[in-house]
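What follows is each chain in one-letter form.
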Amino acid sequence: MPADADYLAVIRSASAHVATKAGCTLSEVADLRLAVDEACGLLLRNTVRDEQAADGTGSAGDLFCRFILDDATLRMVLSRKARNAAPPQNDEFGWTILSALVDDILWRADGPTVYVELVKRRGAGR
């Protein structure tokens, strides 16, 4: 989807739906919605959009979200192609909020693509 704050509601809604289907409590669903929102904000604030789409699709700099669900974890991987990226500081307010809402956070760059991965461990019996 376009890397624009106006579209973040779609990702928040999708994350809430996936978390609900994964058996998360209402409190966990709310935490994940907030975490996805903050992670998208960090990704948008800390990267400079890459205007050139190598594949000709016009999707350069768009925001991508992938959900990975297994027996033990729910992973949300947000990414975008960027010309320039500055990883957030560990003591940055947004990073501190994310640390309180999810079990693990990973910021990484792989070539021109920057990723933020959020991990929420699922409780026993889910």
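Residues numbered from 1 in each chain as written. Predicted model: local features only at pLDDT ≥ 70, side-chain atom pairs only at ≥ 80, totals over all residues. Heavy atoms only, no water.

A. The overall build of the chain, seen in detail. Of the regular secondary structure elements, the chain holds three helices and five strands. Shown N-terminal to C-terminal, the secondary structure of the chain runs as helices and strands in the order α-α-β-β-β-α-β-β. Per-residue burial for the chain yields a buried fraction of 39% across its 126 residues. Counted over contacts in the chain with a minimum sequence separation of 6, partners at least 24 positions apart contribute 62%. (Helix = DSSP H or I, 4+ residues; strand = E, 2+ residues; numbered from the N terminus. Buried < 20%, exposed > 50% of the residue type's maximum accessible area, 1.4 Å probe, protein only. Contact = heavy atoms within 4.5 Å.)

B. Layout of the packing of helix H1 (residues 8-21) against helix H2 (residues 26-45). In the contact formed by H1 and H2, the axes pass within 9 Å of each other and the chain directions differ by 145°. H2 is crossed by H1, and the crossing has right-handed handedness. Side by side, H1 and H2 meet where Leu8, Ile11, Arg12, Ser13, Ser15, Ala16, Ala19 and Thr20 of the first sit next to Val29, Leu32, Arg33, Val36, Asp37, Cys40 and Leu44 of the second. Residue composition of the contact of H1 with H2, by class: nine nonpolar, three polar and three charged. (Axes fitted to C-alpha atoms, helices over the stretch in contact; angles between N-to-C directions. Left-handed = near helix turned anticlockwise from the far one by under 90°. Nonpolar A, V, L, I, M, F, W, Y, C, P; charged D, E, K, R; others polar.)

C. Just the nonpolar core, in detail. The biggest cluster of nonpolar side chains holds 26 residues, and the ones touching the most others in it are Leu32, Cys40, Leu43, Leu98 and Leu118. For this core, the secondary structure elements donating two or more residues are H1, H2, strand S3 (73-85), helix H3 (93-101) and strand S5 (113-121). The element best represented in this core is H2, accounting for eight residues. Once you skip the residues sitting within four places of it in the chain, Leu98 turns out to touch Ala35, Glu38, Ala39, Leu42, Ile105 and Leu118. (Core = buried A, V, L, I, M, F, W, Y, C linked by side-chain atoms within 4.5 Å.)

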